[in-house]
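# Per-entry structural report
Chain by chain, the residues:
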Amino acid sequence: MSVLFTPIRLRELEMRNRIWVSPMCEYSCEQQDGLANEWHLVHLGSRAVGGAGLVMTEAAAVTPEGRISPWDLGIWSDAHADALLPSTRFIEAQGAAPAIQLAHAGRKASTNRPWAGGKPVGAPEGGWEPWGPSALPYAPGYPEPHAYSTAEVRGVIDAFAAAAARSARAGFKAVEIHAAHGYLIHQFLSPFSNQRTDEFGGDYDGRTRLAIEVARAVRESFPREFPVLVRISASEYVEGGWDLDDSVELACRLKGVGVDLIDCSSGGNLPHQQLRVYPGYQVPFARSIKERAGITTGAVGLITAAEQAEAIVAGGEADVVLMGRELLRDPYWPLHAARELRAEVEWPKQYLRAKLS
Ligand SMILES: Cc1cc2nc3c(=O)[nH]c(=O)nc-3n(C[C@H](O)[C@H](O)[C@H](O)COP(=O)(O)O)c2cc1C
């Protein structure tokens, strides 16, 4: 009996299984507009057809300057929400839960598409000056960000809250706050990127204040019956930096403001991070946070095989797995995994003649 294919319920939302599509930037909006288009509908829609339990959009920027690239999805206006409606309707019609990742890139904003080199882009090429907690660039070659004033940080919190309300109107049944990978909220968490002296910097309470306040504001703006998730980098892999103990404490505090699941990723804030990557390398973070903070967790990172995903969930290491690149290679991975694990799942009726029994 497969556990991977058992439903999971968060608040009033039931997902048909524990295979979730990890958020992945597609860099496929028209340059600057941030509006979902046919690419997003087909890309997200295929993964819903392919049997995933939850399908999450890429990082959707809550403000224009919070985009990683000029081609990123946005959720900073009602027009952005409207453009996402066909995707949420389609995902839901296939039996998957539509989710959106709410994001702000901070000092790592305004970069090129990966296939064009991924380097920072300046104003002449359609870029903009990035903002961050402190005037500290991410790495050599990156611009020095403007440091947000205290009032402007409050504006960022409001932007996340407004984006969450818009996401509900766009038909999303879950939102994920992106607090990982060295983007704005992670930049505030880390003592290396946050050297502020106001209430959003300094000690642990100060550096975690933005994450907590964003979570609280998003929770208040998103319908009570639907879950709020937070993706964190459980470690930044640098001595003296953000680590697992910090993450466990943060998870406890996020749980206290009504967050339902911690999506456990790692790294991305410091270019000199000492990261060793191997299959399932972030699963131990999901396990520790689940055990020590007593909160539902998601595991992500080099999870590619059915037996591997099954073992993570059945072994209680995480409650769900999020999968990225393997689901790019094969949008029908969940249907194939069900066959391998001998789980009975519904196929799209249109494809029934191709289902091997
Ligand atoms: C093309 C691509 C785009 C990504 N964009 C995002 C993103 O928007 N937000 C995010 O949190 N992670 C992003 N990631 C990271 C993935 O969600 C995932 O955590 C990572 O790829 C590890 O999982 P995997 O080994 O299953 O691919 C991206 C990864 C890829 C490959």
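Summarised in this report is the structure supplied together with it. These numbers come from a predicted model, not from an experiment. (Residues numbered from 1 in each chain as written. Predicted model: local features only at pLDDT ≥ 70, side-chain atom pairs only at ≥ 80, totals over all residues. Heavy atoms only, no water.)

### Some words on the overall build of the protein chain
Counted only if it meets this: Numbering goes from the N terminus for both helices and strands, where a helix is a DSSP run of H or I of at least four residues and a strand is a run of E of at least two. Only the C-alpha atoms count toward the radius of gyration. The rule for a globule is 2.2 Å times the residue count to the power 0.38. Type-normalised accessible area, obtained with a 1.4 Å probe on protein chains alone, sets the label of each residue: buried when under 20%, exposed when over 50%, and partly exposed for intermediate values.
Secondary structure summary: the protein chain contains 10 helices and 12 strands in total. Taken over the C-alpha trace, the protein chain has a radius of gyration of 19 Å; the compact-globule value for 357 residues is 21 Å, and the two agree within 12%. The dimensions of the protein chain, computed from C-alpha atoms along their principal axes, are 60 × 45 × 40 Å. Looking at the protein chain as a whole, 60% of its 357 residues qualify as buried.

### A short note on the site of the ligand
Selection rule: Whether a residue is near a molecule or strand depends on its heavy atoms: if one lies within 4 Å, it is near. The definition of a polar contact used here is a pair of N or O atoms within 3.5 Å, where within protein one atom must be able to donate a hydrogen and the other to accept one, and adjacent residues in sequence count solely through side-chain atom pairs. Residue polarity follows a fixed list, in which Ala, Val, Leu, Ile, Met, Phe, Trp, Tyr, Cys and Pro are nonpolar, Asp, Glu, Lys and Arg are charged, and the others, Gly among them, are polar.
Taken together, 15 residues sit near the ligand, with Ser-22, Pro-23, Gln-101, Leu-302 and Arg-325 positioned nearest. Here His-178 contributes a side-chain N or O atom positioned 3.2 Å from an oxygen atom of the ligand. Contact between the ligand and Gly-324: an oxygen atom at 2.8 Å from a main-chain N or O atom of the residue. Of the residues belonging to the shell around the ligand, the class tally is seven nonpolar, six polar and two charged.

### Some words on the pairing of strand E11 (residues 296–300)
Basically, it comes down to this: Note: two strands are recorded as paired if DSSP finds a minimum of 2 bridges between them. Consider the strands pointing away from the viewer: the crossover is right-handed when the path from the first strand over the helix to the second runs clockwise.
With respect to burial, E11 is a largely interior element, four of its five residues being buried. The pairing of strand E10 (residues 261–265) with E11 spans four bridges and is classified as parallel. Bridging from a neighbouring strand, Asp-263 pairs with Gly-298 of E11. With respect to chirality, the unit in which E10 leads through helix H7 (residues 283–293) into the neighbouring parallel E11 is right-handed. Direction of pairing for E11 relative to strand E12 (residues 320–323): parallel, over a ladder of three bridges. Following the sheet pairing, Gly-298 is matched in E12 by Val-320. Crossover handedness for the path E11 to helix H8 (residues 306–314) to E12: right-handed.

### Considering the packing of aromatic side chains
To keep it simple, the criterion reads: Any two of the Phe, Tyr and Trp rings considered here, Trp counted by its six-membered ring, make a pair once their centres fall within 6.5 Å; the pair's planes then place it as stacked at under 30 degrees, edge-to-face at over 60, or tilted in between.
Counted according to the given criterion, the structure contains eight aromatic pairs. Note on Tyr-204 and Trp-242: the rings are 5.7 Å apart at their centroids and 5° apart in plane angle, and the pair reads as stacked. One end of the pair, Tyr-204, is in helix H5 (residues 204–221); the other, Trp-242, is in the loop between strand E9 (228–233) and helix H6 (244–256), and 38 residues separate them in sequence. Exposure remark for Trp-242: the relative accessible area of 1% places this residue in the buried category. Centre to centre, the rings of Phe-222 and Phe-226 are 6.3 Å apart; their planes meet at 50°, and the pair counts as tilted. By relative accessible area, which is 2% here, Phe-222 ends up buried.

### Considering the pattern of salt bridges
Basically, it comes down to this: One side-chain nitrogen of Lys or Arg within 4 Å of one carboxyl oxygen of Asp or Glu is enough to make a salt bridge.
One pass over the structure, following the stated rule, counts 20 salt bridges. We note a salt bridge from Asp-78 to Arg-169, for which the minimum N-O separation is 3.3 Å. Note that Asp-78 is positioned in helix H2 (residues 78–93) and Arg-169 in helix H3 (residues 150–169), a separation of 91 residues in sequence. For Asp-78, a relative accessible area of 44% translates into the label partly exposed. One salt bridge connects Glu-199 with Arg-154, and the closest N-O pair in it is separated by 2.7 Å. Of this pair, Glu-199 sits in the loop between helix H4 (184–189) and H5 while Arg-154 sits in helix H3, and the two are 45 residues apart along the sequence. On the accessibility criterion, Glu-199 (35% relative accessible area) is partly exposed. Note on Arg-154: relative accessible area 37%, which makes it partly exposed. Members of the salt-bridge network, linked through shared partners, are Arg-9, Glu-12 and Glu-14.

### A word on H5
The test is simple: Helix span is expected to be 1.5 Å times the residue number reduced by one. Fitting axes to the seven residues ending at a residue and to the seven starting there, one defines the bend at that residue as the angle between these axes. Here a residue-residue contact requires only that any non-hydrogen atoms of the pair lie within 4.5 Å.
With 18 residues, H5 should cover 26 Å at 1.5 Å per step; its first-to-last C-alpha distance of 26 Å lies within 8% of that length. The largest bend in H5 comes to about 35°, at Leu-210. Among the residues making up H5, those that are buried are Tyr-204, Gly-206, Arg-207, Thr-208, Leu-210, Ala-211, Ile-212, Val-214, Ala-215, Ala-217, Val-218 and Arg-219. Where H5 is buried, its residues meet H3, strand E8 (174–179), H4, E9 and H6.

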